[in-house]
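Here is what each chain is made of, one letter per residue.
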Amino acid sequence: MSGMSPPGAVLMGYNAPAGSPSGKGDWRTPDRLFACLDALYGPFTLDAAATAENRKCEDYLGPGSPLGEDALEADWLQRRVWLNPPYSRDLVGRFCAKAYQEAQCGALVVALLPADGSVAWWHDYVLRAEAILHVRGRVRFVDPSTGKQGGSPTFSSAVVVWRAGRYRPTVGSLVVPPERERRADQTLIVAPAAADPL
C-alpha cells in the first residue's frame, strides 16, 4: 500500500507485495506454503490477520470475526497462530510486536514476513524469535481476483516462529517441495550446525 493506509487496513490480513503489478493490497498466502507450515507447526487454530474470504483457519481476527476485528487489540488466546500480516511499512512492525507479546503470554505464533534486516522491527522482534526460516526462492502470492499465483515479488520472505521464552533464534532455510514431488508433511528445513564458541 502506498501513502496512508485506508481505514481498516490493520484488519485486512492480506499482503501488499512491493512492486506487485496490480497494486492491490489483498494478495493471499499460497495454499501449498500454508499446508507445509501447518504440517510443521500446526494445526493452526487462529489466523490473526484475515477476512472471512481469505482466512486459513476457521477462527480468525479481522472484519466480521466474532473474536475481534482489530488483530492488534484482540487477545490471540494462547493458541497456535498463523500470521501473514499486511506488509505496509507502518503495520508490519506493529504486528511483529504483537506476535512477540502474544508468544510471551503462551501463544505459538508462526508468521510469514518480508525478510528485511534493515528495519527496526526485525532487530527488535524477529531476532528474539525461536526460529527464522528464510524461504528458498520467492513466495508467489495469490491474486484474489484471479485465484492464480502472481509473478515473483521484489523481496524475499522469512517464516518467523515465536514461542514463550525463546530469545536466540535458530536460523535456517525452508524449502517447500513442488506439488509433484512431495507431500506437505515432507517439507525440508535446513538449519546450520551450531557454531563453536569463539
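Looking at the overall build of the protein
Secondary structure summary: the protein contains 4 helices and 7 strands in total. Overall, the protein shows an N-to-C arrangement of helices and strands of α-α-β-β-α-β-α-β-β-β-β. Split into buried and exposed, the 198 residues of the protein put 45% on the buried side. When the accessible surface of the protein is totalled, it reaches about 10000 Å², and 50% of it is carbon and sulfur.

Details of unusual backbone geometry
The omega angle of the peptide bond from glycine 42 to proline 43 is 10 degrees, so this bond is cis rather than trans. Inspection of the secondary structure puts proline 43 in the loop between helix 2 (31–41) and strand 1 (46–47). In this structure, leucine 77 takes a positive phi of about 65 degrees despite not being glycine. In this structure, leucine 77 sits in the loop between strand 1 and strand 2 (80–83). Positive phi, close to 50 degrees, is recorded for glutamine 78, a residue that is not glycine. With respect to the helices, strands and loops of the structure, glutamine 78 is situated in the loop between strand 1 and strand 2.

Thoughts on the nonpolar core
Formed by 29 residues in total, the largest nonpolar core has its most connected members in Trp76, Leu83, Val109, Leu113, Val126 and Trp162. For this core, the secondary structure elements donating two or more residues are strand 2, helix 3 (89–104), strand 3 (108–114), helix 4 (120–124) and strand 5 (157–162). Among the elements that take part in this core, helix 3 stands out by supplying 7 residues, more than any other. Each residue touching valine 109, except ones within four places of it in the same chain, is listed here: Trp76, Val81, Leu83, Ala99, Ala103, Val160, Val161 and Trp162. Judged by nonpolar contacts, the second largest core, of 21 residues, contains Phe44, Phe155, Val159 and Val161.

Re the side chain of asparagine 54
Examined against the element boundaries, asparagine 54 turns out to sit in the loop between strand 1 and strand 2. The exposure class assigned to asparagine 54 is buried, which follows from its relative accessible area of 8%.

Topic: the confidence of the model for the protein
Per-residue pLDDT for the protein has a mean of 79; in total, 75% of the residues score no lower than 70. pLDDT under 50 marks residues 1–23. Its contacts with residues more than four places away, or in other chains, come to 65 contacts. Segment residues 193–198 is flagged for pLDDT under 50; beyond a separation of four residues in sequence, or across chains, it makes 0 contacts in the model.

Remarks on helix 3
In this model, helix 3 (16 residues) spans 24 Å end to end at C-alpha, consistent with the 22 Å of a helix rising 1.5 Å per residue. Once helix 3 ends, the next one or two residues include glycine 106, with phi positive near 115 degrees.

Focus: the layout of surface pockets
When its volume is computed, the second largest pocket comes out at roughly 310 Å³. Lining the second largest pocket are 14 residues, with Pro30, Arg32, Leu33, Gln149 and Val176 sitting closest to its centre. Per element, the largest residue contribution to the lining of the second largest pocket is 3 residues, and it comes from helix 2. In terms of residue class, the lining of the second largest pocket is built from 7 nonpolar, 2 polar and 5 charged.

How each quantity is defined
- Every chain begins its residue count from 1, and numbering advances along the sequence as written.
- Residues qualify for local features only when their pLDDT is at least 70, as the model is predicted, and side-chain atom pairs are given and counted only at 80 or more; totals for whole chains, interfaces and linings, by contrast, use all residues.
- As a rule here, side-chain values cover all heavy atoms of the structure and leave hydrogens and water aside.
- To qualify as a helix, a DSSP run of H or I must reach at least 4 residues; to qualify as a strand, a run of E must reach at least 2; elements of each kind are numbered from the N terminus.
- Under the scheme applied here, a residue whose accessible area is under 20% of the maximum for its type counts as buried, over 50% as exposed, and between as partly exposed, the area being computed with a 1.4 Å probe on protein chains only.
- Where accessible areas are quoted, they stem from the Shrake-Rupley method and a 1.4 Å probe; at the residue level, only the protein chains shown are allowed to cover.
- By nonpolar core is meant a set of buried Ala, Val, Leu, Ile, Met, Phe, Trp, Tyr and Cys residues that side-chain atoms within 4.5 Å join together.
- Two residues form a contact once any of their heavy atoms are found within 4.5 Å.
- Per-residue confidence from the predictor is given as pLDDT, running between 0 and 100.
- Residue count minus one, scaled by 1.5 Å, sets the expected span of a helix.
- In this analysis the probe radius is 1.4 Å and the grid spacing 1 Å, with only protein atoms considered; a cavity is a set of points the probe fits into but cannot get out of, a pocket is an open set with protein on both sides within 12 Å along at least five of seven lines, and lining residues have an atom within 4 Å of a point.
- Grid points are joined across faces, edges and corners, and a volume is the space filled by probe spheres set on the points.
- We call Asp, Glu, Lys and Arg charged. Ala, Val, Leu, Ile, Met, Phe, Trp, Tyr, Cys and Pro are nonpolar, and the rest, Gly among them, are polar.

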